[in-house]
Number of protein chains: 2
Amino acid sequence: MNEQELSLTEENYLKIIYKLEMEHKGEVTTNAIADLTNTKAASVSDMLKRLSQKVLVNYIKYQGVTLTPEGRKKALMVIRKHRLWEVFLVDQRGYSLEADHEIAEQLEHIESLQLVDQLEKVLGYPPVDPHGDPIPNAKGEMPNKKQIFLKDMQINQKGQIMGVKDTSPLFLKYLDKIGIGIGTEFEIIDRVEYDQSVELNISGRLTIISKEVAQNLFTIE
Amino acid sequence: MNEQELSLTEENYLKIIYKLEMEHKGEVTTNAIADLTNTKAASVSDMLKRLSQKVLVNYIKYQGVTLTPEGRKKALMVIRKHRLWEVFLVDQRGYSLEADHEIAEQLEHIESLQLVDQLEKVLGYPPVDPHGDPIPNAKGEMPNKKQIFLKDMQINQKGQIMGVKDTSPLFLKYLDKIGIGIGTEFEIIDRVEYDQSVELNISGRLTIISKEVAQNLFTIE
DNA sequence: ATAATTGTTTAGATGAACCTAAATTAGTAA
DNA sequence: TTACTAATTTAGGTTCATCTAAACAATTAT
Ligand SMILES: [Mn+2]
Ligand SMILES: [Mn+2]
Ligand SMILES: [Mn+2]
Ligand SMILES: [Mn+2]
């Protein structure tokens, strides 16, 4: 009595409920969902009833919703697909972080167990997507990875750029110029007291990045 | 008054009408469409009215449909996407020709001008998909490429394997074993009168393939 | 405690995409 | 020609996902 096919719409609802649940740590409100789905509260009520019927959410009138274990798993699978496609688009296709998300929003609904797992393998089991958000594993579990900004790293620590916080074209273009991208390996050489800029060793060369830049680059774990 | 968004369903109908139009060279019948879409004739009538409204098909009651120029273009763009994704899946992901088609059936509906064109570029502007069917260009025109089977090639002719006719796992596994795949470059060395087997030069090495194999491998143009 | 406000649900509709059953049309056979 | 048959369309329903307007519940202010 498992493996029900979900519609694209249902998947989007579950994903959004998951996100809101994480943010506010608790029941998710009808209006909040309506906002993120670009629909009206009435439509959300409707959908919540349907999702409840399918035992994907716990829904009590006037009290908001939470995901059931099954619903959470479904949500995480969608998120997994979304993020793996994002890595693919950005890493392998040179997509911008902007355009990226929109297409991933569509690709996340492609159903094929095989394809996602294969994608993950080809991409080298990335722990996070290009925005630095962790990628759930094939069992539908969210790993507990945390972003660590270069700004906060110790001297002599090594790492690999896993994402950026600021995704403006201006910033991304600058990164490109100084030869920093996702996957770039580095070592923290020193921090300049005067202006909080950070000295990095990037493949043997000394690169200095400002405090602002160091606040927007992160690695994982 | 152009660029209308088509639903996934509408796209599938257009694609199927295109195929039937090519096969039977002329008006396409309601029942034929119903068969290929796994729906009933009544549903097809419904849809034809809608597509007609949008000027994507020429529809006269009881007389079948044809695509309008706009409809044909839309159909070809879907086919273009389908086939490029197929090349991607088979060439770059090692997908089987079977599984391939099912997923391409979904991926063909991802909308992004950018992504398709980029995909095409990364794949090296393949003229045909792994089944040997030609890939429409970015303008929505179907090129007039033709498959030429190794069986029918002249001695000394060179080429590149562009696809296979038999897509059974047995055959594909065998090809793999003898080191032949899509993209493999070859030269026809000789044809053995006795059993019609063909001698190939593949990167300097002599490879002999049977008549059966030569009937199932083709190159283009 | 009562009233006002805000959030949420129900009622009643709509459009897309489908269905079954009944009517209609076109083409063929008598 | 007229009747029969096969293909097609219309009529009337269903489900999903949406909407607006009206009703109702919960919370907050007086
Ligand atoms: Mn995203
Ligand atoms: Mn989505
Ligand atoms: Mn195909
Ligand atoms: Mn399709």
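The rules behind the values
By convention here, each chain's residues receive numbers from 1 onward along its written sequence. All chains are assigned letters beginning at A, and all ligands numbers beginning at 1, according to the order in which they are written. pLDDT decides what is reported in this predicted model: residues at 70 or higher carry local features, side-chain atom pairs at 80 or more are listed and counted, and totals for whole chains, interfaces and linings draw on all residues regardless. Side-chain descriptors were evaluated using all non-hydrogen atoms of the structure, hydrogens and water having been removed beforehand. Contacts are residue-level and defined by heavy atoms, with any inter-residue pair within 4.5 Å sufficient. Accessible area that two parts lose when put together, evaluated with a 1.4 Å probe and summed over both, is termed the buried area. A side-chain nitrogen of Lys or Arg and a carboxyl oxygen of Asp or Glu constitute a salt bridge if their distance falls within 4 Å. Elements are defined by DSSP. Helices are runs of H or I of four residues or more, strands are runs of E of two residues or more, and each kind is numbered from the N terminus. Two N or O atoms form a polar contact when they lie within 3.5 Å of each other; inside protein one atom must be a possible hydrogen donor and the other a possible acceptor, and for residues adjacent in sequence the pair counts only when both atoms belong to side chains. We call a residue near a molecule or strand whenever a single non-hydrogen atom of that residue lies within 4 Å of it. Only protein chains enter the calculation, and the probe is 1.4 Å; a residue is then buried if its accessible area is under 20% of its type maximum, exposed if over 50%, and partly exposed in between. Strand pairing is defined by DSSP finding a minimum of two bridges between the two strands. Each residue receives one of three labels: charged for Asp, Glu, Lys and Arg, nonpolar for Ala, Val, Leu, Ile, Met, Phe, Trp, Tyr, Cys and Pro, and polar for the others, Gly being one of them. With water excluded from the atoms, a metal site may look incomplete; its donors are any N, O or S atoms within 2.8 Å, or within 3.2 Å for Na, K and Ca. Only the six-membered ring of Trp is used, alongside the rings of Phe and Tyr, when aromatic pairs are assigned; centres must lie within 6.5 Å, and planes under 30 degrees apart are stacked while those over 60 apart are edge-to-face, with the rest tilted. What counts as an axis is a line fitted to C-alpha atoms, over the stretch in contact for a helix, and the angles between N-to-C directions run from 0 to 180 degrees. The cut-offs work like this: below 35 degrees is roughly parallel, past 145 is roughly antiparallel, 65 to 115 is roughly perpendicular, and the gaps in between are oblique.

Asker: I'd like a rundown of the interface of chain A and chain B, residues and numbers included.
Answerer: It is common to give the size of an interface as the accessible area lost on bringing the parts into contact. The interface is formed by 19 residues belonging to chain A together with 19 residues belonging to chain B. Both faces combined, the contact of chain A with chain B buries some 1500 Å², and carbon together with sulfur accounts for 60% of it. On the chain A side of the contact with chain B, R93, Y95 and Q106 of chain A bury the most area, a combined 35% of that side's loss. The interface formed by chain A and chain B includes zero salt bridges.

Asker: Help me get a handle on the side chain of S197 of chain A, residues and values and all.
Answerer: All names here are of chain A. Tracing the sequence through the fold places S197 in the loop between β6 (185-191) and β7 (198-202). Looking at S197, its side chain comes within polar contact range of the side chain of D195, at 2.8 Å. Apart from the residues lying within four places of it in its own chain, the contact partners of S197 are D190, R191, V192, I208, I209, S210 and K211.

Asker: Give me the protein's contact with DNA strand C: which residues, what numbers.
Answerer: Looking at DNA strand C, there are 22 residues lining it, with T29 and Y59 of chain A together with S7, S43 and R50 of chain B nearest. Within 4 Å of the protein, atoms of DNA strand C come from sugar and phosphate in 77% of cases. The contact in question runs from a phosphate oxygen of DNA strand C to an N or O atom on the backbone of Y62 of chain A, over 2.9 Å. Here Y62 of chain B contributes a side-chain N or O atom positioned 3.4 Å from a sugar or linking oxygen of DNA strand C.

Asker: Which residues make up the pairing of strand β9 (residues 217-220) of chain B, and what values go with them?
Answerer: Residues and elements named next belong to chain B. Residue alternation in β9 divides its side chains into two sets, L217 and T219 and F218 and I220, and both sets are buried. As defined by bridge partners, strand β3 (residues 147-149) adjoins β9 across three bridges and the pair is classed as antiparallel. Across the sheet, residue I148 finds its bridge partner in β9, namely T219. For strand β5 (residues 163-164) and β9, the ladder comprises two bridges, and the chain directions are antiparallel. Among the inter-strand pairings, G163 is bridged to a residue of β9, identified as F218.

Asker: Explain the protein's contact with DNA strand D to me, and be specific about the residues and the numbers.
Answerer: Looking at DNA strand D, there are 22 residues lining it, with S43 and R50 of chain A together with T29, Y59 and K61 of chain B nearest. Close to the protein, within 4 Å, the atoms of DNA strand D belong to sugar or phosphate groups at a rate of 74%. At 2.4 Å from a phosphate oxygen of DNA strand D is found a side-chain nitrogen or oxygen belonging to R50 of chain A. Contact distances for DNA strand D include 3.1 Å between a phosphate oxygen and a side-chain N or O atom of K49 of chain B. Mapped onto the surface near DNA strand D, the elements with two or more residues apiece are α1 (8-24) and α3 (41-53) of chain A together with α2 (30-37) and α3 (41-53) of chain B. Among the elements that take part in the surface near DNA strand D, α3 of chain A stands out by supplying five residues, more than any other. Across the surface near DNA strand D, the residue classes break down as eight nonpolar, nine polar and five charged.

Asker: Please give an account of the coordination of the manganese ion (ligand 3) that cites residues and values.
Answerer: Residue and element names in this part refer to chain B. Listed as protein donors to the manganese ion (ligand 3) are H82 (NE2), E86 (OE) and H101 (ND1); their distances from the metal cover 2.0 to 2.2 Å. All donors to the manganese ion (ligand 3) come from one chain, and their sequence spacing reads H-x3-E-x14-H. Separated by 15 residues along the polypeptide, E86 in helix α4 (residues 69-92) and H101 in helix α5 (residues 97-107) bring together distant segments of the chain. The exposure class assigned to H101 is partly exposed, which follows from its relative accessible area of 29%.

Asker: Can you tell me about the packing of aromatic side chains, naming the residues and giving the values?
Answerer: Residue and element names in this part refer to chain B. Tallied over the full model, the rule gives six aromatic pairs over all chains. With 5.6 Å between their ring centres and 85 degrees between their planes, W85 and F88 make a pair best called edge-to-face. Placement of the pair is W85 and F88 together in helix α4, with a separation of three residues, close to one helical turn. The exposure classification of W85 matches that of F88, with both residues buried.

Asker: Report on the packing of α2 of chain B against α3 of chain B, specifying residues and quantitative values.
Answerer: Residue and element names in this part refer to chain B. It is at 8 Å that the axes of α2 and α3 come closest, and there the two elements cross at 105 degrees. By the angle between their axes, α2 is roughly perpendicular relative to α3. Listed contacts from α3 to T30, N31, I33, A34 and T37 of α2 are A41, V44, S45 and L48. In terms of residue class, the contact of α2 with α3 is made up of five nonpolar, four polar and no charged.

Asker: Go over helix α2 (residues 30-37) of chain A with me, naming the residues and quoting the values.
Answerer: All names here are of chain A. Along α2, the residues classified as buried are T30, A32, I33, A34 and T37. On its buried face, α2 sits against α1, α3 and β2 (65-67). Looking one or two places after α2, you find N38, whose phi comes out positive at around 55 degrees.

Asker: Can you explain the coordination of the manganese ion (ligand 2)? Please cite residues and give values.
Answerer: Residues and elements named next belong to chain A. In the first shell of the manganese ion (ligand 2), the protein supplies N12 (OD1), E105 (O), E108 (OE) and H109 (NE2), at 2.0 to 2.5 Å from the metal. Between consecutive donors of the manganese ion (ligand 2), the numbers of intervening residues give the motif N-x92-E-x2-E-H. As far as burial versus exposure is concerned, E108 and H109 are alike and both buried.

Asker: I'd like a rundown of the environment of N144 of chain B, residues and numbers included.
Answerer: With respect to the element layout, N144 of chain B can be found in the loop between α6 (113-122) and β3. Through-space distance from the C-alpha of N144 of chain B to that of L56 of chain B is 23 Å; in sequence the pair is 88 residues apart.

So far we have only geometry, and geometry alone does not tell us how the molecule works.
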